[in-house]
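Spelled out from the first residue to the last, the chains are:
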Amino acid sequence: MINQITEKKPKAFSNILLHLHPAAVSEESISFTRTFGLGGMAALLIVIQFITGILLRFYYEPFPQKAYDSILILHNNVLFGQLVRNIHHWSGVFLVLIVFLHLLRVFLTGAYQSPRQVNWIIGLILFALVIFSNFTGYLLPWDQLAYWAVTVSTSILQYIPLVGNSLREFVILGTEVNAETLIVFYTFHTAVLPILILLLMAYHFWRVRKSCGVIIPRSELPKTMVPTYPNLVYKEGVVALTLIALILVFAVFFNAPLLERANPSFSLNPTKAPWYFAGIQELLMHFHPFFAGFLIPLTLIILIAFIPFLKYEQSPTGIWFVSDKGKKSAKLSVVFAVAITIFLVLLNEYLINFEMLLSWLSPVISNGIIPLLIVLGIIWIYSKYITKKFKLSFSELVQSIFVLIITSFVVLTLINIFFRGTNMQLTFPWNL
Ligand code: HEM
Ligand code: HEM
């Protein structure tokens, strides 16, 4: 039910509200399925991270001899210490997932096109900052999981041509993860990154208002304006409380992981990267490291950043999947991506190993250029096929290829997390 009358509300509350929202919003823009509240959820999770992070700082000590013990003290001697750590851990995980879903929502409603391109780029930077926050936080407990996950992920940097080794040494301040790495990660985690996130988030919100709120399909104009309070604020309240309840349930029932104290001379088997880098680690199992750790991720990031600046014949629609055929072809892309990714992983694991098969060639060719050309060939044939089958416009085609690549990346991530066991061999999750 839309409420046309502004209810009486405290003045301080209304001032805060007016900084975040206009006094009135269009009735069409506040339907839940328009945004699923994902941007707001991401903002709430960041606030939760800031509050729990500040609480953790009272006990945490960023030195190798003390960090692990400070976590144990937090667990055993501090009232609700373990709970606060669990909330910080699970909100960090949810934050990455929710920001990823928000990116998909923005993309699939075409909200990246003019006048919202700048917010797409700001959003991508925010996403990177959220990943860095998670990554720098990962090291802080200084247990085996933290130490070896950071060691294996930063070693991916080595594969960047020319500057790789120096870059890795610059990031971890030495040839291996050490006391200085911990203090620098801690400073970035608790000071530099939070400040950058706050500033960019404020700018992101301002740009949403500058574009007159979220995107709405043209067919749903003209707008009916309704007061923001209570119409939008109540909905946001319900979403916020549901999310908080969900995180509390996770925090109460599932503890944040903590293995033995970090031991630089005894590595874990398997040594896995943090879960948000698992897709790249899986790519490393199938491509030459220069391709898996550098060329492919970098090209994809550049392509994603450029999506709003391509020339589309359709202006942004605000309609999910652009059109009915856009939806059908995106669905087909999901199915195709799941099938082909699993097929190629199995093929490479058990049947065709180009590096061995073509051992007279340089690995850059046999395990880099050749498999990459095969993958590009598959994408090319697939895009020809769907363009003909569904008579796709350019924006629908871009959407389908984006869905194909993102789904494939998600499948690779899941394979690495749930199906790689000792020595990174493929196995079933119950044998891990
Ligand atoms: C976007 C924001 C943030 C994210 C995504 C994030 C994420 C994380 C993660 C994943 C951990 C490792 C937790 C674990 O052991 O599993 C961690 C630890 C930690 N974070 Fe944050 N954090 C954020 C903001 C902050 C802020 C603003 C502070 C303090 C001002 C903070 C202070 C800490 C401290 C002291 C630890 C070490 C204690 C522990 O490992 O539980 N964090 N963070
Ligand atoms: C910390 C991460 C982020 C936060 C807190 C955030 C927050 C928000 C909020 C609250 C909105 C208003 C509507 C909504 O809820 O969807 C919004 C809109 C928007 N966001 Fe984000 N966002 C984040 C990351 C991203 C990312 C990763 C992207 C894309 C790469 C992005 C691109 C956009 C765009 C283009 C809009 C305008 C959408 C429209 O007009 O319909 N944001 N964001």
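Here, every reference points to the structure presented above.
Since the model is a prediction, treat every value here as computed from it, not as a measurement.

Let's talk about the site of ligand 2
What surrounds ligand 2 is a group of 26 residues, the closest being His102, Arg105, Arg116, His204 and Ile215. Note that an oxygen atom of ligand 2 is positioned 3.2 Å from one of the backbone N or O atoms of Gly39. Counting only elements with at least two residues in the shell around ligand 2, the list comes to helix 3 (38-57), helix 5 (81-108), helix 6 (117-139) and helix 9 (179-210). In terms of residue count, helix 6 provides more of the shell around ligand 2 than any other element does, six residues in total. Its residues assigned to classes, the shell around ligand 2 comprises 16 nonpolar, eight polar and two charged.

Examining the site of ligand 1
Taken together, 21 residues sit near ligand 1, with Arg85, His88, His89, Pro141 and His189 positioned nearest. For ligand 1, an oxygen atom lies 2.7 Å from a polar atom in the side chain of His89. Mapped onto the shell around ligand 1, the elements with two or more residues apiece are helix 3, helix 5, helix 6 and helix 9. It is helix 3 that provides the largest number of residues to the shell around ligand 1, a total of six residues. Each residue belonging to the shell around ligand 1 can be placed in one class, and the counts come to ten nonpolar, nine polar and two charged.

A word on the pattern of salt bridges
Summed over the entire model, instances satisfying the criterion amount to five salt bridges. Close ionic contact of Arg261 with Asp69 constitutes a salt bridge, the shortest N to O distance being 2.9 Å. Pair noted here: Arg261 is in the loop between helix 10 (228-253) and helix 11 (278-284) and Asp69 is in helix 4 (residues 67-77), with a separation of 192 residues, a long-range link. Classification of Arg261 by relative accessible area gives partly exposed; the value is 38%. Connected through salt bridges with shared partners, the residues Glu282, Glu349 and Arg420 form a single ionic network.

Here's the deal with helix 9
The end-to-end C-alpha separation of helix 9 is 45 Å, in line with the 46 Å expected for 32 residues at 1.5 Å each. At Phe188, helix 9 shows its maximal bend, which comes to roughly 40°. Taken together, the buried positions of helix 9 are Thr181, Leu182, Phe185, Tyr186, His189, Leu193, Pro194, Ile197, Leu200, Met201, His204 and Arg207. Where helix 9 is buried, its residues meet helix 3, helix 4, helix 5, helix 6, helix 7 (144-155) and helix 8 (164-172). If you check the start of helix 9, you find a side-chain oxygen 2.7 Å away from the backbone N of Glu180, and it comes from Asn178. At the C-terminal side of helix 9, Cys212 shows a positive phi close to 60°.

Re helix 4
Among all positions of helix 4, only Ala67, Tyr68, Ser70, Ile71, Leu74 and His75 are buried. Angular distribution of buried residues about the axis of helix 4 spans 165°; they occupy a single face of the element. For helix 4, the exposed residues lying more than 90 degrees away from the buried face are Asn76 and Asn77. Buried residues along helix 4 sit against helix 3, helix 5 and helix 9.

Calculation notes
- Residues numbered from 1 in each chain as written.
- Chains lettered and ligands numbered in written order.
- Predicted model: local features only at pLDDT ≥ 70, side-chain atom pairs only at ≥ 80, totals over all residues.
- Heavy atoms only, no water.
- Near = heavy atom within 4 Å.
- Polar contact = N/O pair within 3.5 Å; in protein donor to acceptor, adjacent residues only side chain to side chain.
- Helix = DSSP H or I, 4+ residues; strand = E, 2+ residues; numbered from the N terminus.
- Nonpolar A, V, L, I, M, F, W, Y, C, P; charged D, E, K, R; others polar.
- Salt bridge = Lys/Arg side-chain N within 4 Å of Asp/Glu carboxyl O.
- Buried < 20%, exposed > 50% of the residue type's maximum accessible area, 1.4 Å probe, protein only.
- Expected span 1.5 Å × (residues − 1).
- Bend = angle between axes of the 7 residues up to and from the residue.
- Contact = heavy atoms within 4.5 Å.
- Arc of directions from axis to C-beta.

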